[in-house]
Amino acid sequence: MNDNVINVENLVKYFDGRCVLDGINFNVPQGCIYGLLGRNGAGKTTIIRILLGIEPATRGRTCLLDTESTNLSPGIRGRIGCVAEGHNLIQSYKVGRLIKLCKNLSLQWNDESFDHLMETFRLPKDRKIKDLSMGMRAQLNLSLAMAIDPELLILDDPTLGLDTVARRQFLELAIEVIQKQGRTILFCSHILSDVERIAERIGILAAGKLVVDCPLEQLKERVRKLRIIFGEAPPANLYLTEIINQQIQGREMTVTVANWNRQKQAILETFKPSSCTEIPMSLEDIFIECTRPNPQPVEIA
Amino acid sequence: MLTLIKREIRDNIVYFLGAAILTAILIVITVSVAYNMGRDYGVYAGLSLPVIVILMIGFSGMGVSQMYTDKARKISAFLTALPVSRNQILLARIVTGILAILTVVLPFIITSMALAYLFVPPIPIFSSMIFDIFAVAFLLGFACYCLGLMTGWTASKITPIPGCLVLTFILTSLIIVKGFGSCAKGILTLFIVACLIRTWQKFMSTSL
């Protein structure tokens, strides 16, 4: 028994000879909200599908709630709520029938919470799933996932297709779940402001590797973007390790460095720059820097 | 488990209705032959054989439809996000198939026993013959259904149909060649076991 609700060890996945995930390692402790980010096709959904036992891994080990993903029993699955990308609900069913099916198959069902969500989202029970808009499907999927009071909530791009109001409602709901003690959330999204708002820990996937795995605050501390102006032409090599990006324009150099520390600052000062100013970075800026094609990927953990 | 079986039956109700209609036709033919045609077995075979072939194709089609629809619409991917295992999904599907076959076999066996009671002398060999015929009929239906399950788990719409049709015809002709004896039973049982193992292995190991 360990405190981690999600364990991913040396996960490797190949699709038709193409390596999508190359030795991914991360853990999500109980009560943590983990934001998994990456560009399209980076492998976020693949990780979630492997975690849920829907997709077999090529190599490595993944566990949910102390159980290997390949051996998740119905009892364990009953403690996990999941909102899948694309909201793959049974399209030919009416909403009412799907709700009844999910309710009958679930180990526990919170009628009060579910009815509240159905009222909030104003979902029609007599319409077929295929006739619902993408946003309505997302809302239904989320309501079904929340109705079981999950210990672990896995959200794969849950706000995709939602309008601004529905997105805000969703985030408030997610925060409500978080506030219930001990709940853990794995949250993948392209909307970085959403992730920034609720995630405690961030993982960023790039080129099949997890290049970032650390708390959000620490990430903002560790990645620095500096505008350095030199008296003469900037040096060809700053002798700094873990440079994510470097651009030179005249006497000005803009450099993004990972794992910033005093030692790196001291090295920089030896070049006696005329000025050195820090450019504030949002999560989106950090994400763009980290996912930029880089011959030597830098890991921030 | 019951919920999953109910779901499968409701989703495939058209096959149950089709099976019930064809069984009714088969029963009408059997009773008519028994009463009006002086038990002319040539006429009986000529009338009932096409119905039996359609039934077998129907069972194969049901298996193909269950698996193909699942793969295309990602139904199992959705269900496994609920407290349901892949084993349970497949088992519910197989139980549904068995129920569909019994929809045909049970009414027909009852009718045949009644007719045998009326027209056939009470000799033990006849009752054992009826049992053999229905055991083989059940196994044949189940073999066709399992074949459908095995070939239906594919992303291609075209692949399962010709292969499944050819094998269904081969299986049905097996009875014409081998009769209703233990040899036919043995071959069908082996075929069913092989199909089920392969289906289970494919369904458990591939992505949903």
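Residues numbered from 1 in each chain as written. Chains lettered and ligands numbered in written order. Predicted model: local features only at pLDDT ≥ 70, side-chain atom pairs only at ≥ 80, totals over all residues.

Draft legend 1. Representation of unusual backbone geometry in the model. Residue and element names in this part refer to chain A. Its identity is not glycine, yet D66 carries a phi of approximately 65°, on the positive side. With respect to the helices, strands and loops of the structure, D66 is situated in the loop between β4 (59–64) and β5 (67–68). For D66, a count of 12 C-beta atoms within 10 Å translates into the label exposed. Of note in the backbone geometry, D149 takes a positive phi value of approximately 50° without being a glycine. Given 16 C-beta atoms within 10 Å, D149 falls into the partly exposed group. (Helix = DSSP H or I, 4+ residues; strand = E, 2+ residues; numbered from the N terminus. Buried ≥ 20, exposed ≤ 12 C-beta atoms within 10 Å, placed from the backbone.)

Draft legend 2. Seen up close, the environment of T45 of chain A. Tracing the sequence through the fold places T45 of chain A in helix α1 (residues 44–51). In this view, T45 of chain A contacts E85 and D156 of chain A; residues no more than four positions away in its chain are not counted. (Contact = placed C-beta atoms within 7 Å.)

Draft legend 3. The pairing of strand β10 (residues 209–215) of chain A, seen in detail. Residues and elements named next belong to chain A. In the sheet, strand β9 (residues 201–206) pairs with β10 via six bridges, with the strands oriented antiparallel. From the neighbouring strand, I204 faces β10, where its bridge partner is V212. Hairpin connection between β9 and β10: a loop of two residues separates the two successive antiparallel strands, and A207 in this loop has a positive phi of roughly 50°. (Pairing = 2+ DSSP bridges.)

Draft legend 4. Representation of the interface of chain B and chain A. Chain B puts 16 residues into the contact, and the matching count from chain A is 23 residues. If you list the elements that add at least two residues to the side of chain B that touches chain A, you get α1 (2–11) and α4 (75–79) of chain B. Here the side of chain B that touches chain A is composed, by residue class, of eight nonpolar, five polar and three charged. (Nonpolar A, V, L, I, M, F, W, Y, C, P; charged D, E, K, R; others polar.)

Draft legend 5. Structural view of the domain arrangement of chain A. By the assigned domains, chain A splits into domain 1 (4–215) and domain 2 (224–280). Between the C-alpha centres of domain 1 of chain A and domain 2 of chain A there is a distance of 40 Å. (Domains from an automatic or database assignment.)

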